[in-house]
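For reference, the chains in residue letters:
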Amino acid sequence: MKGGASAPPFRLLDARGISKGYGRVQANEAVDFDVQPGEIHALLGENGAGKSTLMNILFGHVAPDEGQLRVRGEPVTLRSPHDAMAHGIGLVHQHFSLVPTLTVAENVALGSPPSTRLVLKRREIEAQVEAAAESLGWSFDLDRAVGDLPVEAQQRVEILKVLAPQPEVLLFDEPTALLAPPEVASLLDVLRRLRARGKGIVLVTHRLAEVVAVADRVTVLRDGRRISTQPVGKITERELGEAVAGGHIAPPPPPSERRIDRSSPVIRLEQVVCSASRGHRALDALDLEVSAGEIVGIAGVEGNGQQELFEVLTGLSSPDSGCRRLNGVDVNDWDTRAMRRAGLGMVPADRKGSGIVGKLSVTENLALGQLAGGTDEDASIKPWRRSAGESRVAELIEAYDIRPADAGTHACTLSGGNQQKLLLARELSREPIALVASNPTWGLDVKARASIHQHIRRARDRGCAVVFTSLAMDEVLELSDRVLVIFGGRIIVDAMSTDLNVSNIACAMVGKRADESADIAQSFDQLLPTVGQANSGGS
Amino acid sequence: MSEAAFIALVVVGVQLMVPLLLASLGELISERAGVLNIGIEGCMALGAFFAAVAVTSTDSLIAGLALGLAVGVLTGIVLAWLYVGLGLNQIITGLMFTILALGVTAALFERYTQSAKGTLAPRLPIPLLSDIPWIGEMFFDHSILVYGAVALVPVCAWFLKGTWWGLRTTSAGENPSALDSAGYSVRLYRSIAVVIGSTLAALGGAVLVLATSGRFVSGMTAGRGFIALGVVVVARWYPGRALLVCLLIGITQALQFQVAAIDALESVPVDVWVALPYLAAVLAVVIGRRARYPSATTIPWIGQKG
Amino acid sequence: GGSDDSSSGSANGDGGGGGNGDFKVALMSEGAKNDKSFSNSVYDGASRAAKEHGLDMEFVGSLVTPDEFLRQGNSFASSGVDLLMFIHGGMAVQAREVARRFPDVTVCVGPVQPTPEEEKTDPPNMCYWDVQQQDGSFMAGALVAMMPGVDHIGSVNAFEFAAITRQAEGFALGARCINPDIKFTQTYIETWTDTDKARAAAQSMISAGVDVILSATDSAVVGIYEAARDASKPVYVIPSYFDAYEQAPDVILTTILHNLDGAIDDLITQAQGEGLEDHAVLDYDFVNGDVGKLAPFRDKKKAIGAENIERWQTEIVDAVKSGDLEIPGTVTTDPQLGSVGSGTKLDPTEFGCKA
Amino acid sequence: MRMDSTGLASAPPVAVGSRRDGWWKAAPVRAAVRLAGALALTAGLMSVLVIALGANPVETFQALWQGAFGSPFNVGSTAIVAAILVLTALAFALPYTSGFLNVGGEGQMYVGAIASAGVGLSLAPSTPVVVALLVSVAGGVVGGSLWAGVVGVLRAWTGANEMITSLMLNFVAFALANYAVSVLWPVPGVGQQTQPVIPAARFPELWTNTPLNTAVLLALAVAAGVWWILRHTRLGFKMRVTGLSEGAARQAGVGIRGITTTTFLLAGGCAGAAGAISVLGVNGALYNGFSADYGFIGIAVALVARSSPILIVPAAVLFAALRVGSDNLFANAGISPSLGAVIVGSLVITLLATRVLRPTAGKG
Ligand SMILES: Nc1ncnc2c1ncn2[C@@H]1O[C@H](COP(=O)(O)OP(=O)(O)OP(=O)(O)O)[C@@H](O)[C@H]1O
Ligand SMILES: Nc1ncnc2c1ncn2[C@@H]1O[C@H](COP(=O)(O)OP(=O)(O)OP(=O)(O)O)[C@@H](O)[C@H]1O
Ligand SMILES: [Mg+2]
Ligand SMILES: [Mg+2]
């Protein structure tokens, strides 16, 4: 369903020549951007292209260095978000700006325009929130702390918060980044409904499929500059992708044809049970086998046990019951150090939090991967010694194309993609027998992603058993030899990637078989046409 | 233990509770906004000293409270500037501030403090309530300072839960970027919380002086500010619970003076009593390990990133 | 006698006529010179001596650690003082070190007595002074026990060590000298300065029925006054060292004047006059130095009762003076009152009590 | 304090050196200007206070210098206090490097002092010098180590906030010291101190007629040892990694519990050695209240030295000079020695406020 294509009489919000620099980085440069009533205007761009900066400027949160803003044709200066709210502009932030310990109602209240009153009239606020939620067909337990809600409910609170002051222009900065496909579908539905009410909507996203699915117009930013603005109807996903990346993207290589010996899996979980902090079973009698030379991808809606699975696989936690085996040996009570010593490699989801250490040099970060060994002799890179193993470091920098190729630079100065390459270099240089990865390309742009995939495939070809979880369904289909779907702490689908399509997976991810929920399947076929077709064609 | 001894235990416990309660409330508000103020021991000492200065020159309870309060506000502004304005490391700044304030009061004490005066805060039995047997004597026959401090508990609770200020202050401590992106100044709300917190702590110091003849004695705060840090964790950042915890600590300390009335306690070394509140705080932190500081505590706000 | 709070520590004796203007004396103490207690009394005595004999006198208070005493002492000694006094019984080691290094300086430490070993190893310029603090509290205890209606007495003490313990135990023993059945309650509060804690301790005692409280702590005593004021019956407080009557005229019964000022004055006078003999030990007690004299009773005469005061004078004061009543001590040769609980265990009749 | 994945302060912005700007904007020049500003500010604040106390600021600062370095005795005093501060500073710096805040150095030093006094006074008087000294020092080191170990173990196994527990345990240690002097090993007739340790257990003199003794060498050796551990051992690398990112360290297979406990044991050992120096090298016995906040001043020293075991030595000398020099204030300027604490506090705060010091928690 596409919204009104006819040109409306005026622009709700019109930005001309917006520029904003942060030190040497020019985040926005002479950007023109506008929103009309009753349209969804998508904004695309690589990481760091300046999308969030533009949104923050439109919301009065960041002052532009240059440029002019008009609201309904009137020139305005937005000194703070309160000004923006007063002009009917609302922003759903890229990173949740919710206070986890406050209730739903309190969070919504926090986002409302300043009140001169002292007393917080809880009843009044709750009534307002309830009404707003109902108009979108949602219902909430208003007294619950937001931190206890699942991610998609938090997203809704975020939206309610922005809708409370009745804005005319709604800016959504990557609202779908943390959502799984079914939730994305329902969110897009909300956007359509808001559009139908005549609101002007800006949608920032990395997912081209979403743009094709709901947007009326699309603007592409690159390096802070506007590359193009055009109606969605006349553009293909491929063209969009190329516009964003600024070049041609190679198609992924076909899945490997090699035969895999599954008789003695490297990693094996048998009936593993693991409880989460809130008491319920995060992993519920889960079985998993990963053999040498295969890549197993695990798809699933966030919060279905992926985190706990990663922890159990890497020895960060131990199963409550059931059995964990590495090369056939029972390793239930091994910790991470023991698992690593036995040859396990791991790539965590938050590379800056628990992957690399920003304030250490590249050399030191590489040494980190060898710490688990008991003695100095186990390590080839020893920054604490005089001969630190420089030649090995140089070798790795070259092999993994880490830029800049300087062993002494602090890892925090590397770009996200290079940080991830460093992490992979660290883990794969040990020639692990198994690699466990969580969202290995999260937040990376297309080129970096391709490079990471290539390194993982090479490891597989060397005989490494690879298992990874990802929230991106297309990544799972693209990279895996075998696809599993995790739901409610169990593996409910286990099939070769060539036997699956997006619809099967999408249904499984919400715990339903395909025939039970034709509408969901349908919406996903529509949502991800290219990937869907590619795979259904192969089955 | 006799009835009279029990009543005395609670009465003394309630009185010992008061300065600690005020300091704890101050710390609590400041931590709710994301500022760990280890300087409250210093605030207490300054509040006590200046309350004594006021009292010795005017002989008035009001003057003592007023000067203690004013000094608390000033101290709070300085601390807010250091913690929030400049974004300095809160723990180190707080510790150094305490060393500084204790040194200043000790140096000034030798020079300025004069002789003490008579009772400043006489007992004020509450009509009717104080006639209730046991309870009346234990809780409703105290000085105005005790009632005042206890009355501040619901005020603080309401401030935090029932007002827009409280909502924003809590946000400043839990997720300052949420407050910032809603268009409010994180620095402002944190600063106000630090000022309120320091003022309450200074009042705690003033009460210490006003409840004992209006004389300042160097070292009279005796680590209460540090105990307050533990109280806040044990109370999980709720004013009502802070009241309970402080009362419990007060009564435990009062127990020390009842050893004569309880045979079983006679053989306990005095040092155990002295160490008890601190050990209790350690234990509470261990048992309540899930006691979670407001997420942004000790992290200075340096503006929105990205 | 009040002191001038705003004066600085040094009192240059220009008033005294033919004094020895070159003689310098320095005193070091834990407390502040205006603490209305121990240090204040020492300071007063030293100022008096300085004025009388025209000496240079310096007093530094608020010292905490032993190495601070040592450094401060060293700093004074090297700046050329003639008499250096450590006003802290626990600083004998530090005093000895300074005395060894500066043989021309007379270094005195007290209130404490040397052990026999120390006497052997000390340099000759080392001296000790002591005040028998139990004498005063013994007599105060006896007086209090004579008061109508007093059957329970108490003592709020700072830390548990001999110089404090002997005060509390002497108080108990003195009271039992008159009334063997009198009840005695005491608490160690482990602080010199926490007024609120002192108040709480006193309050607890009062609720247990205590009628008179001895203060064997320092500036925290103001908390005890407040507790006494707050009591529903008349309760009296007996502070020590410094006639504090004006601080709390309503509740102070009398003050035990350990005559610290007299002792210090006497010591300084001796030192600047003919000089102290080698290895001097100046032991001041009630008989030889008025230690333990009680401050004037003023309006409390009535509460005590004129006839009781008379009886006390003859039965106790005169008896002590004449030697009929011998108050036990705490020194190595006579350690009887040095331990906690001794005051309630010893038999008063052994020392010459009538009852 | 480490509170759930949060650092103390976020990293300072990376300085962007720009060659186009004038020399006066170069980083070292600006740092020097800042330092001078901080010192001037502290001196100004102190002058105000000194004048308020009725004394002459110039005389006061002269007296301070005299007191710290004016005579061999004073130099020796400064050196020995510096030795204590080096060790208490290391007790803060080591955990800080691993990302923990140990504000319990004062208490750990107390327990070290209690232990070494206990050992030193119960040895037979005939014990040979080397043995007696070694055993007594070891007693102090073990005592401090165990006391800090409690904090480490609680942090490692129960997640108890180490800042709060170490702070609270200070006060418990004070009570313990009081118990030792009044009940365990009292001197009859005198209060507030234990019996003296045997002479053989005392640090041998280095410079006659001054307090300077071999304890200074112990402190320097420990500082060098800590530097070596942090820079040149696997353990040190693990400690630094843990400090920079606990999550990364855990995933790299570093046993966080072991590192936490080890760190606190080492730190407590340093503080315990400071206690041992105070008993065996300064006072000869355990005294109630023997420390003039040395454990807390050690935090300031470590900060000024940016937790570098090498820089801690000169920083300790600076703070020792302030501390020792202030004892001379009264005799020569008529000012309360409490001013020493005031100077330390305001100096550190001004250094922080002028950004000369920028402490960051490791977790990055
Ligand atoms: N507060 C800031 N200080 C310094 N640099 C900033 C700041 N905010 C953004 N930048 C820089 O500006 C550029 C644009 O950032 P922006 O967040 O707008 O990118 P984006 O397109 O939203 O990227 P993403 O897809 O990762 O969200 C980046 O290089 C970023 O590092
Ligand atoms: N603190 C810093 N100091 C120096 N250079 C930096 C710093 N942070 C980022 N850079 C540089 O700025 C550039 C942009 O960084 P950014 O993190 O925005 O990259 P990115 O868009 O995430 O890249 P990638 O596609 O590799 O993920 C990179 O070349 C990086 O090396
Ligand atoms: Mg963005
Ligand atoms: Mg943390």
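Everything discussed here concerns the structure shown above.
Predicted model, so just to flag it, every value in this text is computed and none were measured. (Residues numbered from 1 in each chain as written. Chains lettered and ligands numbered in written order. Predicted model: local features only at pLDDT ≥ 70, side-chain atom pairs only at ≥ 80, totals over all residues. Heavy atoms only, no water.)

Before we move on, could you go through the overall build of chain C and cite the residues and values that matter?
Across its full length, chain C holds 13 helices and 13 strands. Against the globule reference of 20 Å for 355 residues, chain C gives a C-alpha radius of gyration of 20 Å, in line with a compact fold. Its C-alpha atoms give chain C principal-axis dimensions of about 55 × 40 × 35 Å. The proportion of buried residues among the 355 residues of chain C is 68%. Sequence separation of 24 or more characterises 71% of the internal contacts of chain C that already satisfy a separation of 6 or more. For chain C, the accessible area works out to roughly 11,600 Å², and carbon and sulfur atoms hold 48% of it. Where the 26 positive side-chain charges of chain C centre and where its 54 negative ones centre are 5 Å apart. (Helix = DSSP H or I, 4+ residues; strand = E, 2+ residues; numbered from the N terminus. Rg over C-alpha atoms; globule rule 2.2 N^0.38 Å. Buried < 20%, exposed > 50% of the residue type's maximum accessible area, 1.4 Å probe, protein only. Contact = heavy atoms within 4.5 Å. Areas by Shrake-Rupley, 256 points an atom, 1.4 Å probe, with all protein chains shown as cover. Lys, Arg positive; Asp, Glu negative; His and termini not counted. Charge placed at Lys NZ, Arg CZ, Asp CG, Glu CD.)

Could you give me a rundown of the interface of chain B and chain A, with the residues and numbers involved?
Listed by partner, the interface residues are 22 residues for chain B and 28 residues for chain A. Between chain B and chain A, the buried area comes to about 2,100 Å², and carbon and sulfur atoms account for 62% of it. Considering only the surface of chain B that becomes buried against chain A, Trp164(B), Leu167(B) and Ser181(B) emerge as the three largest contributors, covering 32% of it. The interface formed by chain B and chain A includes 1 salt bridge. Residue Lys161(B) pairs with Glu106(A) through a salt bridge whose shortest N-O separation is 3.1 Å. Applying the counting rule to chain B against chain A returns 9 residue pairs in polar contact (both at pLDDT 80 or more). Of all the secondary-structure elements, those providing two or more residues to the side of chain B that touches chain A are α6 (144-162), α7 (164-174) and α8 (176-181) of chain B. Looking at the side of chain B that touches chain A, the element that brings in the most residues is α7(B), giving 7 residues. Its residues placed into classes, the side of chain B that touches chain A shows 8 nonpolar, 9 polar and 5 charged. (Buried area = accessible area lost by both parts, 1.4 Å probe. Salt bridge = Lys/Arg side-chain N within 4 Å of Asp/Glu carboxyl O. Polar contact = N/O pair within 3.5 Å; in protein donor to acceptor, adjacent residues only side chain to side chain. Nonpolar A, V, L, I, M, F, W, Y, C, P; charged D, E, K, R; others polar.)

Tell me about the site of ligand 1, and please be specific about residues and values.
By nearness alone, 16 residues border ligand 1, and Gly48(A), Gly50(A), Lys51(A), Ser52(A) and Thr53(A) come closest of all. Surrounding ligand 1 are residues belonging to chains A and B, so the site spans chains. In the environment of ligand 1, an oxygen atom lies 2.8 Å from a nitrogen or oxygen atom belonging to the side chain of Lys51(A). Secondary structure elements with two or more residues in the shell around ligand 1: β2 (25-35) and α1 (51-58) of chain A. Considering only residue class, the shell around ligand 1 consists of 4 nonpolar, 9 polar and 3 charged. (Near = heavy atom within 4 Å.)

Can you lay out a nonpolar patch on the surface for me, pointing to particular residues and giving the numbers?
Together, Trp65(D), Phe69(D), Val75(D), Leu206(D), Trp207(D), Leu217(D), Leu220(D) and Val317(D) make up a nonpolar patch on the protein surface, roughly 710 Å² of accessible area in all. Within the secondary structure layout, Leu206(D) lies in the loop between α6 (162-184) and α7 (215-232). (Patch = residues over 30% accessible without salt bridge, like charges linked within 9 Å, V, L, I, M, F, W, Y side chains within 5 Å.)

Run through the interface of chain D and chain B, naming residues and quoting values.
Each side of the interface is counted separately: chain D has 48 residues, and chain B has 48 residues. For the pair chain D and chain B, the summed buried area comes to about 4,100 Å², and 79% of that belongs to carbon and sulfur atoms. Our count for the chain D to chain B interface comes out at 0 salt bridges. Taken together, chain D and chain B are joined by 1 residue pair in polar contact (both at pLDDT 80 or more). Counting only elements with at least two residues in the side of chain D that touches chain B, the list comes to α1 (27-52), α3 (72-97), α5 (129-158), α6, α11 (294-304) and α14 (339-353) of chain D. At 12 residues, the largest contribution of residues to the side of chain D that touches chain B is made by α6(D).

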